[in-house]
Amino acid sequence: DALSSGMEREDIEPWYRHFWPWFIIALLSTSVIAGLTTLWISLQTTDSLVVKSGDDAQMIAEQRISAEKLASELGLAALLVIEPGTGAISVAMQSGVLASVPQRLELEFAHPAFAERDQRRTLHLAQPDAAGNPVWSGHFVVVPEGRWYVTLRSADEWRVTGEWQGESQLTLRPAGGDHDNGR
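Each value, and the rule that gives it
Residues numbered from 1 in each chain as written. Predicted model: local features only at pLDDT ≥ 70, side-chain atom pairs only at ≥ 80, totals over all residues. Heavy atoms only, no water. Helix = DSSP H or I, 4+ residues; strand = E, 2+ residues; numbered from the N terminus. Buried < 20%, exposed > 50% of the residue type's maximum accessible area, 1.4 Å probe, protein only. Areas by Shrake-Rupley, 256 points an atom, 1.4 Å probe, with all protein chains shown as cover. Pairing = 2+ DSSP bridges. Axes fitted to C-alpha atoms, helices over the stretch in contact; angles between N-to-C directions. Patch = residues over 30% accessible without salt bridge, like charges linked within 9 Å, V, L, I, M, F, W, Y side chains within 5 Å. Salt bridge = Lys/Arg side-chain N within 4 Å of Asp/Glu carboxyl O. Core = buried A, V, L, I, M, F, W, Y, C linked by side-chain atoms within 4.5 Å. Contact = heavy atoms within 4.5 Å. Phe/Tyr/Trp six-rings, centres within 6.5 Å; stacked < 30°, edge-to-face > 60°.

**Details of the overall build of the chain**
Alright, step 1. Of the regular secondary structure elements, the chain holds 2 helices and 8 strands.
Alright, step 2. Each helix and strand of the chain, ordered N terminal to C terminal, gives the series α-α-β-β-β-β-β-β-β-β.
Alright, step 3. Per-residue burial over the chain gives 25% buried out of 183 residues.
Alright, step 4. Summing over all exposed atoms, the chain offers an accessible surface of approximately 13,000 Å²; the carbon and sulfur share of this is 56%.

**Some remarks on the sheet that holds strand β2 (residues 88-95)**
Alright, step 1. Pairing is antiparallel across the open sheet formed by 8 strands, whose spatial order is β7-β6-β3-β4-β5-β2-β1-β8. Across the chains shown, the open sheet's two edge strands, defined by having one partner strand only, are β7 (158-164) and β8 (169-172). Pairs of neighbouring strands in the sheet enclose a mean axial angle of 25°, with direction left out of account.

**Brief notes about a nonpolar patch on the surface**
Alright, step 1. On the surface, Phe19, Trp20, Phe23, Ile24, Leu27 and Leu28 cluster together into a nonpolar patch covering about 680 Å² of accessible area.
Alright, step 2. For Leu28, the position within the fold is in helix α1 (residues 19-44).
Alright, step 3. Overall, Leu28 belongs to the exposed group, its relative accessible area being 54%.

**Considerations on the environment of Thr46**
Alright, step 1. With respect to the element layout, Thr46 can be found in the loop between α1 and α2 (55-74).
Alright, step 2. Sequence separation of Thr46 and Phe114 is 68 residues, and the distance between their C-alpha atoms is 9.9 Å.

**Topic: the nonpolar core**
Alright, step 1. Counting residues in each nonpolar core, the largest one holds 23 residues, and the members touching the most others are Leu80, Leu107, Phe109, Val150, Leu152 and Trp158.
Alright, step 2. Those residues in contact with Val150, other than ones at most four positions away along the chain, are Leu80, Leu107, Glu108, Phe109, Val160, Thr161, Gly162, Trp164, Leu170 and Leu172.

**Digging into the pattern of salt bridges**
Alright, step 1. In total, this model carries 4 salt bridges according to the counting rule given.
Alright, step 2. When the shortest N-O distance is used, the salt bridge between Glu108 and Arg153 registers 3.5 Å. Of this pair, Glu108 sits in strand β3 (residues 104-110) while Arg153 sits in strand β6 (residues 148-154), placing them 45 residues apart in sequence.
Alright, step 3. Given a relative accessible area of 10%, Glu108 falls into the buried group.
Alright, step 4. On the basis of relative accessible area, Arg153 is assigned to the buried category, the value being 17%.

**Topic: the packing of aromatic side chains**
Alright, step 1. Applying the stated criterion across every chain yields a total of 8 aromatic pairs.
Alright, step 2. Seen in terms of ring centroids, Trp15 and Tyr16 are 5.9 Å apart; in terms of plane orientation they differ by 85°. Their pairing is edge-to-face.
Alright, step 3. Centroid distance Phe19 to Phe23: 5.7 Å. Interplanar angle 25°. Geometry classified as stacked. Here Phe23 and Phe19 lie together in helix α1, a separation of 4 residues that amounts to about one turn.
Alright, step 4. Among the residues examined, Phe19 registers a relative accessible area of 54% and is labelled exposed.
Alright, step 5. Ring pairs connect the aromatic residues Phe109, Phe140, Trp148 and Trp164, which therefore count as one cluster.

This is how it looks when you write it as structure tokens:
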């Protein structure tokens, strides 16, 4: 008899009563859940960094180039001033010759990564500054934080740009010029 010969039988617990199988199952389960969550997020969002191709994109690119070329020919530069506490915006034309002073300008803050965060403001003609330069004004409800691409345009006639990183003043110039800062 095996039990009487000195060998005792140990009670072995079933696998589900041990720690390590449950630890491994939990580890694998969390990786599956994380993978499914990532898949769900990728299916719910669009890639705002992808630019549409085709005739529309070509036309938009040509309009931008011609607007920047006109701004460069006119020698335009604008000083953008943002009051961080109040959100007040003012833009003064620093240099260049405008054939006519527009009543409104469009100011766009484009986020480098997320198109849904882009902000557009219409600026209205205000009183000229002390030097007689035309000034336009507007207002942000919430002043954007971080890094943004800024574009100031006049009804698709001309456009000047710059890169804003939270400073209170920024000079906007035509893109593609000598003072383009690598953009």
